[in-house]
Amino acid sequence: MAKLSIKDLDLAGKRVFIRVDFNVPLAPGGQEITSDKRIKASLPTIQYALDKGAGLILASHLGRPKGKPNAEMSLKPCAVRLAELLGRPVKMAPDCVGAEVEAMKPAPGEVLLLENLRFHKEEEGNDPAFAKQLASLCDLYVNDAFGSAHRAHASTEGMIPFVSKAAAGLLMEKEVEYLTLATQNPPRPCVAILGGAKVSDKIEVIQNLMKVVDKLLIGGAMAYTFLKAQGLPTGKSLVEEDKIGLAKELLATSGGKLLLPVDHVVAAEFKAGAENETVETIPEGKMGLDIGPKTIEIFAGEIAKSKMVVWNGPMGVFEMPPFDKGTVAVANAVADSGAVSVVGGGDSEKAIKSAGVSSKITHVSTGGGASLEFLGGLTLPGVAAIPEK
Ligand code: AMP
């Protein structure tokens, strides 16, 4: 990777500001963390910096407090959980800037968590004076918040001109490494699998990946817009009428790379356990809710031949059994392929967990929106701002 890494910095005795992504889900009331996955994902960088003798200032946003303090979006529960995970105290600051925070600056080996950055509207406003105040707390800056890298905010971009040195954390580095591999020079054959509700959410991803990958497999509701573009019947399936023209264009320019489902699990009603059948032609009055067994076989065959797989989005309404079969089959095929695998999006990640194959996936991206923008070929401001080596 061409970006400066935390491993390139001399951290001993330094005060290091680490922008982490502690935007964790909280139970109503804001006291209880329902998943500490994001805190755990930042542990390697935090532990690395502590091992090198740094004092740490950690900062994150949580939720959408819209520029005002909000007790239900405090990062306090994250300080408690982080202390448990690290096995050392984590001090909680009452704010992220100001005299009280200044007075709490950590000594080497100490960890201070700043309060929610978005309690100040200047964070999302990328206000230079606020960015300078944040920067004044530290000697060095590290960005490990890949999940926020698609936002040009004070803590992800604005601070960097005001610090003496800035670098990527270990999680950021890993995310950029695998997503760059997928979009630039992947091991071949490289297969991308895209699913989910809408074509409109993933247009850039389809266009960008089509330039790079050898095969692009499309499942989920987004497939029906493409089927309709081919003049095939789609019954009551979800179709984005205003994207049919675009789907036609993509099909015409795909050079045969784009594979669509050849059979479908259909039902008359959108509900778990709905009476269903497998068809090749979607009948009037029915909707496609999953890919069928022939499609699973074709998709699994392509995945098995690949050396790299990129997967984002479910193949059907996987939250509603029995319409989860296609998604689970794809999760198993990706895991069994032995290919370098990069999975993004909460739904694909859930499918991988429920199939019990998480340990066989090379990299599960922590940033939903950020990874889609990256795969779509867009420049992420938080990544662009980190200096080159
Ligand atoms: P996305 O957020 O775009 O990745 O879409 C995920 C959602 O797409 C999930 O909630 C799925 O239930 C939904 N989805 C996938 N396939 C279908 C389908 N055939 N019909 C309706 N919804 C679908």
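All values reported here derive from a predicted model rather than from experimental measurement.

J.: Explain the packing of aromatic side chains to me, using residue names and the numbers behind them.
T.: All chains considered together, the criterion is met by 1 aromatic pair. Ring plane angle 20° and centroid distance 5.9 Å describe the contact between F17 and Y141, whose orientation is recorded as stacked. Of this pair, F17 sits in strand β1 (residues 15–19) while Y141 sits in strand β5 (residues 140–143); the two residues are 124 residues apart in sequence, bridging distant segments of the chain. With respect to burial, F17 and Y141 carry one shared label: buried.

J.: For the state of the cysteines, give the residues involved together with the corresponding values.
T.: A full pass over the atoms with the stated rule returns 0 disulfides. There is no disulfide at C78, and the cysteine sulfur nearest it, in C96, is 15 Å away. Under the relative-accessibility criterion, C78 is labelled buried at 0%. Not engaged in a disulfide, the cysteine C96 finds its nearest cysteine sulfur in C138; these two sulfurs lie 13 Å apart.

J.: Can you tell me about unusual backbone geometry, naming the residues and giving the values?
T.: Across the chain, the bulk of peptide bonds are trans and the bulk of non-glycine residues have phi less than zero. Residue P189 follows R188 across a cis peptide bond; omega there is 0°. Looking at the secondary structure, you find P189 in the loop between α7 (170–183) and β7 (190–194). Here the residue pair P321 and P322 is connected by a cis peptide bond, since its omega of 5° sits within 30 degrees of zero. Within the element layout of this structure, P322 appears in the loop between β13 (308–312) and α12 (325–337). Although it is not a glycine, K66 sits at a positive phi angle of roughly 55°. Looking at the element boundaries, K66 is found in the loop between β2 (55–59) and α2 (76–86). A positive phi is found at N126, a non-glycine position, where the angle reads about 50°. By the secondary structure assignment, N126 is in the loop between α4 (121–124) and α5 (128–135).

J.: So what's going on with the packing of α7 against helix α14 (residues 368–375)? Residues and values would help.
T.: Contact geometry for α7 and α14: axes closest at 10 Å, N-to-C directions at 35°. Between α7 and α14 lies a crossing of right-handed hand. Note on element contacts: α14 touches α7 through S371, F374 and L375, opposite V176, L179, T180, A182 and T183. Residues belonging to the contact of α7 with α14 are distributed by class as follows: 5 nonpolar, 3 polar and no charged.

J.: Help me get a handle on the site of the ligand, residues and values and all.
T.: Around the ligand there are 16 residues in total, and A197, G288, G316, E319 and D347 lie nearest to it. In the environment of the ligand, an oxygen atom lies 2.9 Å from a nitrogen or oxygen atom belonging to the backbone of A197. At 3.2 Å from a nitrogen atom of the ligand is found a main-chain nitrogen or oxygen belonging to A221. Relative to its free-state accessible area of 510 Å², the ligand is covered by the protein chains to the extent of 79%. Across the shell around the ligand, the residue classes break down as 8 nonpolar, 4 polar and 4 charged.

J.: With reference to specific residues and values, describe the side chain of E115.
T.: Along the polypeptide, E115 turns up in the loop between β4 (111–113) and α4. No salt bridge is formed by the buried E115, whose closest oppositely charged neighbour, K76, lies at an N-O distance of 5.1 Å. A polar side-chain atom of E115 sits 2.8 Å from the main-chain amide nitrogen of L75. Leave out the neighbours within four places in its chain, and E115 touches S60, M73, S74, L75, M92, A93, P94, D95 and C96.

J.: Can you explain the side chain of D36? Please cite residues and give values.
T.: The topology assignment puts D36 in the loop between β1 and α1 (37–51). Within polar-contact distance, the side chain of D36 engages the side chain of R81 at 2.8 Å. The contact partners of D36, leaving out residues within four places of it in the chain, are R81 and L85.

J.: Any details on the sheet that holds β13? Residues and values, ideally.
T.: Strands in a sheet are paired, the pairing made by backbone hydrogen bonds, and the direction either parallel or antiparallel. Ordered by their spatial adjacency, 6 strands build an open sheet running β9-β8-β7-β13-β14-β15, and the pairing between neighbours is parallel. Looking at strand neighbours, the two that pair on one side only are β9 (258–259) and β15 (363–364), the edges of this open sheet. Direction of pairing for β7 relative to strand β8 (residues 215–218): parallel, over a ladder of 4 bridges. Counterpart to L194 in the pairing with β8 is I218. Along the sheet, helix α11 (residues 293–305) makes contact with β7, β8, β9 and β13, crossing β8 at roughly 150°.

J.: Tell me about the nonpolar core, and name the residues and values.
T.: Grouped together as the largest cluster of nonpolar side chains are 46 residues, with contacts concentrated most on F146, M172, I206, L216, I218, F226 and L258. Counting residues per element, the ones that place at least two in this core are α7, β7, α8 (203–212), β8, α9 (222–229), α10 (244–252), β13 and α14. A total of 6 residues in this core trace back to one element, the largest contributor, which is α9. Counting contributing residues, this core receives three or more from each of domain 1 (6–170) and domain 2 (178–375). F22, I46, A49 and A54 belong to the second largest nonpolar core, which has 32 residues in total.

Cut-off values and rules
Residues numbered from 1 in each chain as written. Predicted model: local features only at pLDDT ≥ 70, side-chain atom pairs only at ≥ 80, totals over all residues. Heavy atoms only, no water. Phe/Tyr/Trp six-rings, centres within 6.5 Å; stacked < 30°, edge-to-face > 60°. Helix = DSSP H or I, 4+ residues; strand = E, 2+ residues; numbered from the N terminus. Buried < 20%, exposed > 50% of the residue type's maximum accessible area, 1.4 Å probe, protein only. Disulfide = S-S within 2.5 Å. Axes fitted to C-alpha atoms, helices over the stretch in contact; angles between N-to-C directions. Left-handed = near helix turned anticlockwise from the far one by under 90°. Contact = heavy atoms within 4.5 Å. Nonpolar A, V, L, I, M, F, W, Y, C, P; charged D, E, K, R; others polar. Near = heavy atom within 4 Å. Polar contact = N/O pair within 3.5 Å; in protein donor to acceptor, adjacent residues only side chain to side chain. Areas by Shrake-Rupley, 256 points an atom, 1.4 Å probe, with all protein chains shown as cover. Lys, Arg positive; Asp, Glu negative; His and termini not counted. Salt bridge = Lys/Arg side-chain N within 4 Å of Asp/Glu carboxyl O. Pairing = 2+ DSSP bridges. Core = buried A, V, L, I, M, F, W, Y, C linked by side-chain atoms within 4.5 Å. Domains from an automatic or database assignment.

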